[in-house]
Amino acid sequence: MPDMSISRRGLMRGGIVVSAAAAGATVIGTTTAALAAAPEPSLHSTAQWGARPPSEPLTTVPNRPSYIVVHHTATSNDVANTQAQAYTLARNVQSWHMSQGWGDSGQQFTISRGGYIMEGRHGSISKLRGGTTFIRGIHAGAPANGESIGIENEGLYTGVQPPGALYDSLLNLCAHLCSQYGIAASKIFGHRDFMATQCPGDKLYAMLPQLRADVAEKLGQQPPPPTWPTVKKGASGERVRSIQYLLRQAGDTTAVDGAFGPGTETDVREFQTAKGLTVDGVVGPQTWARLVVVSKQGASGEAVKAIQRQLNNNHGISTTVDGAFGPGTTTSVRTFQTRRSLVVDGVVGPITWQALVG
Ligand SMILES: [Zn+2]
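Residues numbered from 1 in each chain as written. Predicted model: local features only at pLDDT ≥ 70, side-chain atom pairs only at ≥ 80, totals over all residues. Heavy atoms only, no water.

Peer 1: Could you clarify how one ought to interpret helix 5 (residues 83–99) in this entry?
Peer 2: Residues that lie three or four places apart on an α-helix share one face, since the helix turns once every 3.6 residues. Taking 1.5 Å of rise per residue, the 17 residues of helix 5 would be expected to cover 24 Å, and the 24 Å separating its terminal C-alpha atoms lies within 8% of that figure. Turning to helix 5, its buried residues number three or more, namely Q85, A86, Y87, L89, A90, V93, Q94, H97 and M98. Each element contacted by the buried residues of helix 5 is listed here: strand 1 (43–44), helix 4 (46–49), strand 4 (109–111), strand 5 (117–119) and strand 7 (148–153). (Helix = DSSP H or I, 4+ residues; strand = E, 2+ residues; numbered from the N terminus. Expected span 1.5 Å × (residues − 1). Buried < 20%, exposed > 50% of the residue type's maximum accessible area, 1.4 Å probe, protein only. Contact = heavy atoms within 4.5 Å.)

This is the structure we're talking about:
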């Protein structure tokens, strides 16, 4: 069973009155398990939406998945919120994926804009109910396909957020997957974390920290603390842009284009060599810790641009990107810190940096 130690905060937020003893040391037993489990949401099977049979045998991975990968279908947002549309979507995705030679829908689950949750790859629901194995998907490349559950979300989320019905279903499905498979709420990622793609769109991707926190709360887990992401060649987006700004801050001439190509990798290696770090061209915790610069009002330069871009482009807090840390940037940082329940001091130290780029 997953580790689902119940926090007092989780219990209180659940609106459940417990004794001090129950909220403290005595947190094992059936009562706790019942509180921590997230129920199975309504799932629509392949039989219900009229799937074609797979064109080849599907592979059962003989262990639990260890993380979840969120996608968007990059299809129209202008669709009905009905079950009929959801079923049409599921059939269309399956047809597209089978035409790619993937044998069936690539992902294990699909969620429509109306909030209907559907089985993608055949057998995904029964494996989930078993809680010990899963059907190997084709959605995020190797090795992710053999380690994760993929969820396709109907729509295009480069410029707008998904509708509430979709988010609620995504939250309920993720919470149940985490509960059933023992996946930590922090282990919910976007497709772009594994390969160079816009998927699941800037807006949905920016909601993943909130999704992790919401799943943690449903499971009675502590909200996951911010951590440094691991970023390497092939990655793209604001996180890469931040790395490029920080390399420039360190004296390099890296181009800031948001694409982690060979040039960025070379500059990362040079930085690692200069700092006496393991030279692998991968930006992980050790490299992040040396790259970031503690910044506050009065600071200026490339690191400040990284902060401002993150706030403005990735976190939806309107901020001028001019490399000068003035009162406006301080206000934005404080807004961000408040939202993330961090110490609100307007100073971008390591924890705030982690929350910005994590
Ligand atoms: Zn994707």
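Peer 1: Please clarify how the pairing of strand 3 (residues 67–72) should be interpreted in this entry.
Peer 2: Two faces, one strand: in a regular strand the side chains alternate between the faces of the sheet. In terms of residue burial, strand 3 counts as a mostly covered element, since six of its six residues are buried. Along strand 3, one buried face is formed by Y67, V69 and H71 and the opposite face, lined by I68, V70 and H72, is buried too. In this sheet, strand 7 lies alongside strand 3 in parallel orientation, the contact comprising six bridges. In the strand pairing of strand 7, I68 is matched with I149. Judged from the three bridges that link them, strand 3 and strand 8 (residues 188–190) form a sheet pairing that is parallel. In the strand pairing of strand 8, V69 is matched with F189. (Pairing = 2+ DSSP bridges.)

Peer 1: How should the pattern of salt bridges be read in this particular structure?
Peer 2: When their charged atoms lie close together, side chains carrying opposite charge are able to pair. As enumerated under the stated definition, the model contains eight salt bridges in all. A salt bridge links R241 to E238; its shortest N-O distance comes to 3.5 Å. Placement of the pair is R241 and E238 together in helix 10 (residues 238–249), with a separation of three residues, close to one helical turn. The exposure class assigned to E238 is buried, which follows from its relative accessible area of 13%. (Salt bridge = Lys/Arg side-chain N within 4 Å of Asp/Glu carboxyl O.)

Peer 1: I tried to follow the packing of aromatic side chains on my own but got confused; where do I start?
Peer 2: The description of two aromatic rings rests on the distance between their centres and on the angle between their planes. Scanning the model with the defined rule gives four aromatic pairs in all. On the basis of an interplanar angle of 75° and a centroid distance of 5.7 Å, the ring pair of Y67 and F189 is categorised as edge-to-face. Of this pair, Y67 sits in strand 3 while F189 sits in strand 8, and the two are 122 residues apart along the sequence. Each ring, one from W228 and one from W288, has its centre 5.5 Å from the other, and the planes form 10°; the classification is stacked. With W228 in the loop between helix 9 (208–219) and helix 10 and W288 in helix 12 (residues 285–291), this residue pair connects regions lying 60 residues apart in the sequence. Neither W228 nor W288 differs from the other in exposure class; each is buried. By way of ring pairs, the aromatic residues Y67, F189 and F194 are connected into one cluster. Above the ring of Y205, the side-chain terminus of R192 is found at 4.6 Å from the ring centroid. (Phe/Tyr/Trp six-rings, centres within 6.5 Å; stacked < 30°, edge-to-face > 60°. Lys NZ or Arg CZ within 6 Å of the ring centre and 35° of its normal.)

Peer 1: Honestly, the side chain of E154 in this entry has me stumped. Any pointers?
Peer 2: Following the sequence through the fold, E154 ends up in the loop between strand 7 and helix 7 (164–181). The buried charged residue E154 lacks any salt bridge, with R113 as its nearest oppositely charged partner at 5.7 Å. Once you skip the residues sitting within four places of it in the chain, E154 turns out to touch T73, T75, V79, Q85, L89, I111, S112, R113 and L166. (Lys, Arg positive; Asp, Glu negative; His and termini not counted.)

Peer 1: Whenever I open this one, helix 7 confuses me. Can you help?
Peer 2: For helix 7, which comprises 18 residues, the first-to-last C-alpha distance of 25 Å matches the rise-based estimate of 26 Å (1.5 Å per residue) to within 8%. Of all 18 residues that make up helix 7, 13 are buried, and the element is covered over most of its length.

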